[in-house]
Amino acid sequence: MQTIAERIKDKTADLTRAERQLSDIILRNYPASGLGTITSLAEEADVSTPTVARLIQKLGFAGFPEFQRGLRDELNEKISSPLTKREKWVDAPDAHLLNRFTKAVIDNIGQSMAKIDPDAFDRACDMLSDINRGVFIVGGRITRTLADYFFLHFQVIRRGVTQITSNSNAWPHYALDFDAGDVVVIFDVRRYENSTLKLAELARERGAEIVLFTDQWMSPIAQLASVTFSNQIAAPSAWDSNITTMLMSEIVIAEVQERHWETTRSRMETLEEMFDRTKFFRKF
């Protein structure tokens, strides 16, 4: 199912100036921004209440109450704990979990790939390929494993890559080295972490660009990011699935590797020589 934010983005080209102005306000503090009265939303966006009603209808809702129910449902999904998520899947159709989980992941991949903007993807890879930009990579409590994986590959591909430790108390020390134009890659999925948002704010204040890997409900960091990859993550489990996010990160790795291939190949060859000297891998 599309989120309301995704519906707004899909309809952008068909919106009037006033409707685009209104949609910007809705997305600014999404989804909480649309949970007040229709009058307060119109006043905040400096548009008329009929403009709000027209936009709601263009998004496929019968009226403002239905629109707000959709926002509340999304808000509940965003703050779901593992216990809540599991309860929703317990009453799922009686099929083997092998089939249900696999189908959910395949659906996640299909939906996520369908909404990727190729221009945004290329823009992210342009930034990550620019050797004049430093790259900093960070994840949260769960997503730091994805950040570790992303960092390991980028460290081989190019110079100037830093992994930000999972200890948020040390993050201001890393922020000291953020320069204008640097790229901070952030992995942040529901339930979004306050410390990660603070780091993103520091990055933008210092002129760094943010590439965000998040979920369909969108981390608050999306409002600060230059490029956001929104991935479907729901699965029949108490835990969300990271497979689609991993896939997207691997596609980015593959693209940047190809752009740097001559340098990357040389770095890989040197790395292999070091592995041989240290007998790191077993030889058969």
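Coordinates for the structure precede this section.
Below you will find a few notes about this structure. What you see is a predicted model; the values in this text were computed from it and never measured.

Before going further, it helps to spend a moment on the overall build of the protein chain. Within the protein chain, the regular secondary structure consists of 13 helices and 5 strands. Seen through its principal axes, the protein chain has C-alpha atoms that stretch 70 × 50 × 35 Å. Among the 284 residues that make up the protein chain, the fraction classed as buried is 42%. Considering only contacts within the protein chain whose residues lie at least 6 apart along the sequence, 70% involve residues at least 24 apart. The centroid of the 35 positive side-chain charges in the protein chain is displaced by 2 Å from the centroid of its 40 negative side-chain charges.

The alternating pattern of strand E1 (residues 135-138) places Val135 and Ile137 and Phe136 and Val138 on opposite faces, both of which are buried. Following the backbone out of E1, through helix H9 (residues 144-157) and into the adjacent parallel strand E2 (residues 161-163), one traces a crossover that is right-handed. Bridging between E1 and strand E3 (residues 183-187) involves 4 bridges; their strand directions are parallel. Bridge pairing links Ile137 to Val185 in E3.

Moving on, we come to the packing of aromatic side chains. Taken as a whole and assessed by the stated rule, the structure comprises 12 aromatic pairs. Between the aromatic rings of Phe61 and Phe67, the centroid separation amounts to 5.7 Å while the plane-to-plane angle is 75°, which identifies the pairing as edge-to-face. The buried category is assigned to Phe67, whose relative accessible area is 0%. Summarising the aromatic geometry, the rings of Phe187 and Phe213 are spaced 4.7 Å apart at their centres and angled 10° between planes, so their arrangement reads as stacked.

A word on unusual backbone geometry. Residue Arg191 is bonded to the preceding Arg190 through a cis peptide linkage, with omega at -5°. As for its position among the elements, Arg191 is in the loop between E3 and helix H11 (194-205). A positive phi angle, close to 60°, is found at Asp46, a residue other than glycine. Locating Asp46 in the fold gives a position in the loop between helix H3 (38-45) and helix H4 (49-58).

Here we come to helix H8 (residues 118-129). In this model, H8 (12 residues) spans 16 Å end to end at C-alpha, consistent with the 16 Å of a helix rising 1.5 Å per residue. By the burial criterion, the buried members of H8 are Ala120, Phe121, Ala124, Cys125, Met127, Leu128 and Ser129. Turning to H8, the residues buried within the fold contact E1, H9, E3, strand E4 (209-215), strand E5 (227-231) and helix H12 (243-259). At the N-terminal end of H8, a side-chain oxygen is found 3.0 Å from the backbone nitrogen of Asp119, two or three residues along, and the residue is Asp117.

Attention now moves to the environment of Leu271. Tracing the chain through its elements places Leu271 in helix H13 (residues 261-278). Sequence separation between Leu271 and Val156 is 115 residues, and the spatial gap between their C-alpha atoms is 8.2 Å.

What follows concerns the pattern of salt bridges. Inspection of every chain in the model, using the stated rule, returns 10 salt bridges. Here Lys58 ties to Glu19 by a salt bridge, and the two come within 2.7 Å at their closest N and O atoms. Here the residue Lys58 occupies a position in helix H4, and Glu19 occupies one in helix H2 (residues 17-28), the gap between them amounting to 39 residues. The exposure class of Lys58 is partly exposed, given its relative accessible area of 32%. Note on Glu19: relative accessible area 1%, which makes it buried. For the salt bridge of Glu201 with Lys198, the shortest nitrogen-to-oxygen distance reads 3.8 Å. You can see Glu201 and its partner Lys198 sitting in helix H11, 3 residues apart, about one turn around the helix. With relative accessibility at 29%, the residue Glu201 sits in the partly exposed group.

Rules of the game
- Residues numbered from 1 in each chain as written.
- Predicted model: local features only at pLDDT ≥ 70, side-chain atom pairs only at ≥ 80, totals over all residues.
- Heavy atoms only, no water.
- Helix = DSSP H or I, 4+ residues; strand = E, 2+ residues; numbered from the N terminus.
- Buried < 20%, exposed > 50% of the residue type's maximum accessible area, 1.4 Å probe, protein only.
- Contact = heavy atoms within 4.5 Å.
- Lys, Arg positive; Asp, Glu negative; His and termini not counted.
- Charge placed at Lys NZ, Arg CZ, Asp CG, Glu CD.
- Right-handed = clockwise from strand over helix to strand, strands pointing away.
- Pairing = 2+ DSSP bridges.
- Phe/Tyr/Trp six-rings, centres within 6.5 Å; stacked < 30°, edge-to-face > 60°.
- Expected span 1.5 Å × (residues − 1).
- Polar contact = N/O pair within 3.5 Å; in protein donor to acceptor, adjacent residues only side chain to side chain.
- Salt bridge = Lys/Arg side-chain N within 4 Å of Asp/Glu carboxyl O.

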